[in-house]
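Architecture and fold: a report
The residues making up each chain are set out below.
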Amino acid sequence: MRDGLIRVAAATPEIRVADCTFNARAVIEMAQQAAKQRVRILVFPELCLTGYTCGDLFFQPTLLEGAWQALDQVRRETASLGMLVFVGLPVRHLGKLYNCAAALCGGELLGLVPKTHLPNYGEFYERRWFSPAPQDASYYNAYTPQAVGFGANQLFRCEQLPDLVVAAELCEDLWAPCPPSVGHTAAGATVIVNLSASDETVGKADYRRSLVEGQSARLVCGYLYADAGMGESTTDMVFAGHNLIAENGVLLAETPRYRTGLAVTELDVSRLAYERRRMTTFPPQQDRGYLTSTFSLPLEETPLSRVISPTPFIPQSPEARKACCEEILQIQSWGLRRRLEHSHAKTAVVGVSGGLDSALALLVAARAMDLLGRPHSDLLAVTMPCFGTTARTKGNAELLCERLGATLRQIDIKAAVDLHFRDIGHDPAMRDVTYENAQARERTQVLMDLANEHSGLVVGTGDLSELALGWATYNGDHMSMYGVNASIPKTLVRHLVAYEAQRTSDAALRQVLLDILDTPVSPELLPPSEGEIQQRTEDLVGPYELHDFFLYYMIRWGFGPAKVLRLALYAFKGAYDRRTVLHWLKNFCRRFFAQQYKRSCLPDGPKVGSVSLSPRGDWRMPSDAQSSLWLAELDRLEQEQK
């Protein structure tokens, strides 16, 4: 439960219709199996202690008594498992019968949640036996030593993890126009459990899955859906045990149908709570009319089994990755198209270095010209070799421009930079930040002046990762008239260029793009060594794959250093050791805070994903904010390492 993570499961045991003793044992055995996997929240199907398909047997006192005895057995034998368990059974209350979810933890019955929406159509006739949940929550004390909550409006709050608040609904409740879970989450529930008995018909599995995913997204919650299985009667229906677990629109776990078993994963409730705080459209908690019970779970570090991608900005499947790349390129090119059209620019001016970022910017600019119905010759591509330029990058820049049909200008800036050094009295033998940044600022001056001369617009090439690290020269490559790459991290830039290489039918263009992909990332501001790039960015600031991971989890989800470190070690297991990840995480935090002033005055550029550092949109941070709290936490983590 540390870091807001908790292991959960949805279960389908093998049951027998109307055999409550057998069903209780099946539930207990599956709960014990889940406990061995350190599950802390476990949900079983609707009416699992009797079977959903008992029909008119629900009117029989013998069955109802057997169900309550089965519940008591489950309560007693799960008491030591350290688990919040939800099981389904019929319950008599105030002269009526209700289809209920019983919440159990630590040997206590915490509450009974009756079903709100009862189907009475098609193959379902629940209103024949059951009454819908009463409008107001009350208390139940017929078979219990003390009164427990009875009603749909109940919350179950974890003492050790305040963000973990659980509520229940049952099957058809999810299908209703306004499911009870809407009110539950407005009242503070971060996890919804659904005890269900959903039969199988053609196409229903996909629809069921989309409902669970959509509800978890709409309510920014974790959603556990436990489905009745093959032990149910097949007189008129077949049940397949389709268990689903989703978190904020993402399906985390699913069981194969027509089997018994567990869907197990971890929910990140602190991530859900953060997202709700961030979203102005998510309402403040309004728990009027709700009964709240507390439960206690072991405070422990939850083992991770859910997928934590080392590349969170990049879809994992090839098909999704291709679709993502095309969508991003469309956003970039349509954004640039509009800006070129609005500004009446006759040219798009792009500084081309032979590196990844400028290659992507030129590819996007070419697409924008296509959208405008204008020739690629309206692209003014400028190469500006200086002290660190290698023959490889210069040649690639020239060939890229040639294959795209851009108008190429080569302006050697060595003499201009040398003159500038003389003007300011700088010794060019001093290979310091002045030596490097003077080149970057001279290149920007050239591009801006060419844009004026040709009635053009300077297209920026800098990416999101560079902005996060401040790896840009202020008023140098930091500045442009429209930054098409401003919200694209370096790891994603590579995939976009690779996508364009695979897509083109021009073999020469494909070859040059592949060589650009194979070229070490470098600003090329220091002289090469024996013709090879001397200045490798990732040797200086760290691996971009790590920095993009840090960026995603710290900025998108607000995670602190300790949690980011834990997730990174899990995601990059075998690739980086703890000392290395901690070193670069500290470097990231230090640079991110120190370099905010560069992000406070960014040029316009299109947002393409969930993380952006534009001061006009997703990220508003004072330039003099202190990093001391973050670095102190990292210092503590370093001491633990020793």
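Residue numbering note: each chain is counted from 1, following its sequence as written. Per-residue local features of the predicted model are confined to residues with pLDDT of at least 70, and side-chain atom pairs are confined, for both listing and counting, to 80 or more; whole-chain, interface and lining totals are unaffected and use all residues. For the side-chain quantities, the full set of heavy atoms in the structure was used; hydrogens and water were omitted.

**Examining the pairing of strand E10 (residues 154-158)**
Extensive coverage of E10 is indicated by the burial of four of its five residues. Note: E10 against strand E17 (residues 291-295), five bridges, orientation parallel. Across the sheet, Cys158 pairs through a bridge with Phe295, a residue of E17. Here, strands pair whenever DSSP counts at least two bridges between them. Secondary structure counts use DSSP, requiring at least four H or I residues in a row for a helix and at least two E residues in a row for a strand, with both numbered from the N terminus. Counted along the chain from E10 to the antiparallel partner strand E11 (residues 165-170), the turn is six residues long. Partly exposed residues are those whose accessible area sits between 20% and 50% of the maximum for their type, while under 20% is buried and over 50% is exposed, using a 1.4 Å probe and protein chains only.

**Topic: helix H6 (residues 269-278)**
For H6, the tally of buried residues reaches seven of 10 residues, placing the bulk of the element in the interior. Those residues of H6 not exposed but buried are Val269, Arg271, Leu272, Ala273, Tyr274, Glu275 and Arg276. The elements touched by buried residues of H6 are helix H4 (180-186), strand E12 (191-196), strand E13 (222-227), strand E14 (244-247), strand E16 (261-268) and helix H16 (544-556). Every residue pair with non-hydrogen atoms within 4.5 Å of one another is taken to be in contact.

**Describing the sheet that holds strand E9 (residues 148-150)**
Taken together, eight strands build an open sheet; the order of strands is E8-E9-E5-E4-E3-E2-E1-E16 and the sheet is mixed. With one partner strand each, in any of the chains shown, strand E8 (138-140) and E16 form the two edges of the open sheet. On average, adjacent strands in this sheet sit at an angle of 30 degrees to one another, irrespective of strand direction. Alignment of E8 against E9, held across three bridges, turns out to be antiparallel. Bridging from a neighbouring strand, Tyr139 pairs with Gly149 of E9. Angles run from 0 to 180 degrees between N-to-C directions of axes, and those axes are lines fitted to C-alpha atoms, restricted for helices to the stretch in contact.

**A word on the packing of H6 against H16**
Packed helices, taken two at a time, are described by their axes: the angle between them and the distance between them. For the pair H6 and H16, interaxial distance at closest approach is 11 Å and the crossing angle is 60 degrees. On the basis of their axis angle, the class for H6 and H16 is oblique. Across the interface between the two elements, Arg271, Tyr274, Glu275 and Arg278 from H6 touch Tyr552, Tyr553, Ile555 and Arg556 from H16. Any angle between 65 and 115 degrees counts as roughly perpendicular, while under 35 counts as roughly parallel, over 145 as roughly antiparallel, and the rest as oblique.

**Side note on the packing of aromatic side chains**
Within a pair of aromatic rings, the relevant descriptors are the distance that separates the centres and the angle that separates the planes. By convention, a stacked pair of Phe, Tyr or Trp rings (six-membered ring in the case of Trp) has centres within 6.5 Å and planes under 30 degrees apart, an edge-to-face pair has planes over 60 apart, and any other such pair is tilted. Under the definition given, this model contains 24 aromatic pairs. Considering the side-chain rings of Phe313 and Tyr552, the 5.4 Å spacing of their centres and the 80 degrees angle between planes classify their relative orientation as edge-to-face. In this pair, Phe313 sits in the loop between E17 and helix H7 (318-343) while Tyr552 sits in helix H16, placing the two residues 239 residues apart along the sequence. Residue Phe313 is classed as buried on the basis of its relative accessible area of 14%. Ring plane angle 20 degrees and centroid distance 5.8 Å describe the contact between Phe421 and Tyr435, whose orientation is recorded as stacked. Of this pair, Phe421 sits in helix H10 (residues 414-424) while Tyr435 sits in helix H11 (residues 433-453); the two residues are 14 residues apart in sequence, bridging distant segments of the chain. With relative accessibility at 3%, the residue Tyr435 sits in the buried group. These aromatic residues form a ring-pair network of at least three members: Phe313, Phe549, Tyr552, Tyr553, Phe559, Phe572 and Tyr576. The rule is short: NZ of Lys or CZ of Arg within 6 Å of the ring centre and within 35 degrees of the ring normal puts a charge over the ring. Positioned over the ring face of Phe592 is Arg599, at 4.0 Å from the centre of the ring.

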